[in-house]
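Close look at the chain arrangement
What follows is each chain in one-letter form.
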Amino acid sequence: NARTTRSRVAPTTATKRWSRPPSCSNACGVPARPQVRSSAAWATPKSSVYQRIEFNVADPEQLAALLLEMQYDDGFVAYLNGQRVASALAPALPDFQSNATGEREDIDSLKPQQFDLTPYLNLLVEGTNVLAIHALNVSDASPDLLSVPVLVASRLLGSEAVVAGPIQGRDDER
């Protein structure tokens, strides 16, 4: 008999010429493309992007479970407060020039994949925490990149676990 509430970590996308059929634009839930400015030194295409999402946890001891729901194309590595906690289609030791180890179909990229982060609840601290995502493209020439992370937490309410929902990021990250 657990009650359910939901809130959201601000999804962030990093896109380069994200190609979708016209019938899928915004109707598929893909947020509008952000404007990315780069200097001449970054003018050459790169295969990966780093994201940082800060969020607050009032009392980590009250959390019973933590899930990462991730929409991504082509791969990613997720870090919770600096510790690697999840990955897909990623090399074992990624660096800033790493590529994804495989390619995902665009339609699969829009379906959130769940990763259980409950074993990493001990990494959360009271106050500000950071979810960092290293989004990976299959090649530097790939025309698209998607990274939409959502953290979903369950907290203890007496003897019941309640889905506290996706955790809110800071206002300046929305």
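Residues numbered from 1 in each chain as written. Predicted model: local features only at pLDDT ≥ 70, side-chain atom pairs only at ≥ 80, totals over all residues. Heavy atoms only, no water.

1. A look at the environment of G82
Heads up, the condition is: The numbering of helices and of strands both runs from the N terminus, where a helix is a DSSP run of H or I of at least 4 residues and a strand a run of E of at least 2. Throughout this description, buried means an accessible area under 20% of the type-specific maximum (1.4 Å probe, protein chains only), exposed means over 50%, and partly exposed covers the range between.
Looking at the element boundaries, G82 is found in the loop between strand 3 (75-80) and strand 4 (83-88). Judged by relative accessible area, which is 68%, G82 ranks as exposed. Residues G82 and L131, spaced 49 residues apart in sequence, show a C-alpha to C-alpha distance of 8.1 Å.

2. Structural notes on the packing of aromatic side chains
This is how it is decided: Ring pairs shown here join Phe, Tyr and Trp side chains whose ring centres sit within 6.5 Å, with only the six-membered ring taken for Trp; geometry is labelled stacked below 30 degrees between planes, edge-to-face above 60, and tilted in between. Any Lys NZ or Arg CZ that is within 6 Å of a ring centre and within 35 degrees of that ring's normal is treated as a charge sitting over the ring.
A complete count under the given rule lists two aromatic pairs for this structure. Ring geometry for F76 against F115: centres 5.2 Å apart, planes inclined by 80°, an arrangement best described as edge-to-face. Within this pair, whereas F76 is found in strand 3, its partner F115 is found in strand 5 (residues 113-116), the two being separated by 39 residues in sequence. Each member of the pair F76 and F115 is classed as buried. An aromatic cluster is present here, built from Y72, F76 and F115 joined pairwise through their rings. For R104, the ring lying beneath its charged end belongs to Y72, and the centroid distance is 3.9 Å.

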